[in-house]
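Structural features, examined
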Amino acid sequence: MSTETNNSNTSTITNTKTTRVPITLITGFLGSGKTTFLNYILNENHGKKIAVIQNEYGQSIGIETAMIVDSNGEKVQEWLEFPNGCICCTVKDDFLQSIEDLLKRSDKFDYILIESTGMGDPGQISSSLWVDEELESPIYLDGIITLVDAKHVEKHIEKSKASEKLSMNNSNNTHNSGESNDSKYYSTEVERQIAFADIILLNKIDLLDQNNLEKEIASVESKIRSINPMAKIITTERSKVPLDQVLNVNAYTPNIDLLKDYINNSEKQHHHDNKNDEKSCDQCSNHSKHINTICITQDFDVDLDEFTRWVGNLLWDEKKDSIFRIKGLISIKDDKEKYILQGVYSTFEVLPSGLYWSENEKRHNKIVLIGESLDQSELEESFKKLKQ
């Protein structure tokens, strides 16, 4: 858990990071183009020394052939080196140990990319990479990139839903619980990967109907934004994208401008949903049984310790494993500086931004949460209890 509350400003944090190695987590469903993306990076003359660590759980390995078997039949690690100074390896589960081994090498790297398995949970991995500044770690989490197959993403989601429902049916029949099999909606791997993303590469747009390309892209983007309105979406073909658009994005620094984009996108999506959602309360409740976005806006100051406890209680107890991402602009009592809240899964930070409330500016709190089956009224009422 990270709940730093020191008074260091943004420039201090940025300067500290110049001595550390940024890490980007790359995720995406099977067939989305992750391996193609990594191959592109490893073979491009980009002038950077980049290390790629592939975290594989299955038996199938691609460029990932950096796994060999020793005389005892156990898998050991071997690095593949590329002419441009990049390296690649594949590891079995323990990628944190791989990072430590990498940092012990005599040659220094500008960047580390970690590819998770196509069925992996990016929340658990990113939480282990996001460490406190005060721990003086040699690495820091720069962002989460999710590759999405523009041609098949909606089919993948629907197929996963059908598979999940069948699994729930079998479970209910086995345990004879009597509970309706649609009583709770469980998000699919595809949706969760989208929900955790800071940047989404909408890949394989060349496979869409070129006569209706704009319409088809808009349709897929709308689906993505219904899951994660905060992520930046970049359309790509064959996983090619300028690296300055996906690396060094500083998604986990207290950046006011970046946060404003997140909040504005989330509010637009939230208002759009409300405008087109003239339903009864019961219908709204049913509608919430998927990954959704909640926006909380309140105009009172909060006590920093009380607010930190409130967030921790949500992430670790009341909504444990149900809140995937949380970001916010926070007005702290008796403090002229604006604070930034950001979190992934059970890990979060509340940090000063280096910017201050002006005398004529209305102080307020704006919090955006992405999660599973989140209830707007419930979370708003919970937050209002912090008003003193």
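Rules behind the numbers
- Within each chain, residues carry numbers counting from 1 in the order of the written sequence.
- Side-chain atom pairs in this predicted model are given and counted only at pLDDT of 80 or more, local residue features only at pLDDT of at least 70, and totals for whole chains, interfaces and linings cover all residues.
- The side-chain numbers reported here are obtained from all heavy atoms of the structure, hydrogens and water having been left aside.
- Note on terminology: a nonpolar core comprises buried Ala, Val, Leu, Ile, Met, Phe, Trp, Tyr and Cys residues joined through side-chain atoms within 4.5 Å.
- Think of it in three bands: residues with accessible area under 20% of the maximum for their type are buried, residues over 50% are exposed, and the middle band is partly exposed, with areas taken using a 1.4 Å probe on protein chains only.
- Segmentation into domains, and thus their bounds, comes from an automatic or database assignment.
- By definition in these notes, contact holds between two residues if any of their heavy atoms fall within 4.5 Å.
- DSSP-based pairing: two strands are paired if at least 2 bridges between them are found.
- The way it works is that DSSP assigns letters per residue, a run of H or I at least four long becomes a helix, a run of E at least two long becomes a strand, and they are numbered from the N terminus.
- Only the stretch in contact is used when fitting a helix axis, every axis being a line fitted to C-alpha atoms; angles between N-to-C directions are given from 0 to 180 degrees.
- Note on scores: pLDDT gives the predictor's confidence for each residue, bounded by 0 and 100.
- Throughout, the arc means the angular range of directions from the helix axis out to the C-beta atoms.
- N or O atoms closer than or at 3.5 Å make up a polar contact, with two conditions inside protein: a donor-capable atom paired with an acceptor-capable one, and, for residues adjacent in sequence, both atoms drawn from side chains.
- Note that the term roughly parallel is reserved for angles under 35 degrees, roughly antiparallel for angles over 145, roughly perpendicular for angles of 65 to 115, and oblique for everything else.
- Rotating anticlockwise by less than a right angle from the far helix to the near helix defines a left-handed crossing, while the corresponding clockwise rotation defines a right-handed one.
- Side-chain classes follow a simple rule in which Ala, Val, Leu, Ile, Met, Phe, Trp, Tyr, Cys and Pro form the nonpolar group, Asp, Glu, Lys and Arg form the charged group, and the remainder, Gly included, forms the polar group.

The biggest cluster of nonpolar side chains holds 56 residues, and the ones touching the most others in it are Ile 53, Ile 99, Ile 112, Ile 114 and Leu 202. When we break this core down by domain, the ones giving at least three residues each are domain 1 (21-152 + 188-245) and domain 2 (256-269 + 290-385). Not counting residues within four places of it along the chain, the set of residues in contact with Ile 114 comprises Ile 23, Thr 24, Leu 25, Ile 26, Ile 53, Phe 95, Ile 99 and Leu 129. Counting residues in hydrophobic clusters, the runner-up holds 24 residues, among them Ile 296, Leu 304, Trp 310 and Ile 323.

Next up on the list: the sheet that holds strand E12 (residues 323-331). On the basis of which strands lie adjacent, the open sheet formed by 5 strands has the order E11-E15-E12-E13-E14 and antiparallel pairing. With partners counted over all chains shown, the strands left at the sheet margins are strand E11 (291-298) and strand E14 (347-356), one partner each. Taken over all neighbouring pairs, the strand axes of this sheet differ in orientation by 10° on average, direction set aside. Across the face of the sheet, helix H6 (residues 189-196) comes into contact with E11, E12, strand E13 (337-344) and strand E15 (365-372) while running at roughly 20° to E12. Lying on the sheet, helix H11 (residues 376-384) is in contact with E11 and E15; it crosses E11 at an angle near 35°.

One rule of thumb: low pLDDT means the predicted coordinates there are not for detailed reading. The pLDDT averaged across the protein chain works out to 78; a share of 72% of its residues lies at or above 70. Taken element by element, the protein chain is modelled with least confidence in helix H9 (residues 281-287), mean pLDDT 31, and with most confidence in helix H10 (residues 304-318), mean pLDDT 97. Contacts of residues 1-15 to residues separated by more than four positions or lying in other chains number 33 contacts, the stretch itself having pLDDT below 50. Here residues 58-76 scores under 50 on pLDDT; set against residues more than four positions off or in separate chains, the count is 33 contacts.

Looking at the secondary structure, you find Glu 191 in helix H6. Remark: the alpha-carbon pair of Glu 191 and Lys 223, spanning 32 residues in sequence, is separated by 10.0 Å.

Here we take up the side chain of Ser 126. Relative to the helices and strands, Ser 126 resides in helix H4 (residues 122-129). Here Ser 126 falls in the buried class, since its relative accessible area comes to 0%. Look past the residues within four positions of Ser 126 in its chain and what remains in contact with it is Leu 25, Leu 141, Ile 144 and Val 344.

Attention now moves to the sheet that holds strand E7 (residues 111-115). The sheet built from 8 strands is open, its strands ordered E5-E6-E2-E7-E1-E8-E9-E10 with mixed pairing. The sheet is open, and its two edges are formed by strand E5 (80-81) and strand E10 (232-235), each paired on a single side. Summarising the sheet, E5 and strand E6 (residues 87-91) pair through 2 bridges and their orientation is antiparallel. When the sheet's bridge partners are listed, Leu 80 is paired in E6 with Cys 88. Against the sheet, helix H3 (residues 95-103) engages strand E1 (21-28), strand E2 (50-55), E6, E7 and strand E8 (139-149), with an angle of about 155° to E2.

Take H11 next. Taken residue by residue, H11 has Gln 376, Leu 379, Ser 382 and Phe 383 as its buried positions. For H11, the buried positions fall inside an angular range of 140° around the axis, keeping them on one side. Among the residues of H11, the N-terminal cap falls to Asp 375, whose side-chain oxygen and the backbone nitrogen of Ser 377 are separated by 3.1 Å.

Phi is positive for Asn 250, close to 50°, though the residue is something other than glycine. By secondary structure assignment, the location of Asn 250 is in the loop between E10 and helix H8 (256-275). Residue classification places Asn 250 among the partly exposed positions, given a relative accessible area of 27%. Backbone geometry places Ser 373, a non-glycine residue, at a positive phi of 55°. Position of Ser 373 relative to the elements: it lies in the loop between E15 and H11.

The next point concerns helix H2 (residues 34-43). For H2, every residue scored as buried is listed here: Lys 34, Phe 37, Leu 38, Tyr 40, Ile 41 and Leu 42. Buried-residue contacts for H2 involve E1, E2, E6, E7, E8 and strand E9 (199-203).

The interhelical angle for the contact between H10 and H11, taken along N-to-C directions, is 150°, at an axis separation of 11 Å. As the angle between them shows, H10 and H11 are arranged roughly antiparallel. In this structure, H10 meets H11 at a crossing whose hand is right-handed. Here Phe 307, Trp 310 and Leu 314 of H10 come into contact with H11, specifically with Leu 379, Ser 382 and Phe 383. For the contact of H10 with H11, the per-class residue count stands at 5 nonpolar, 1 polar and no charged.

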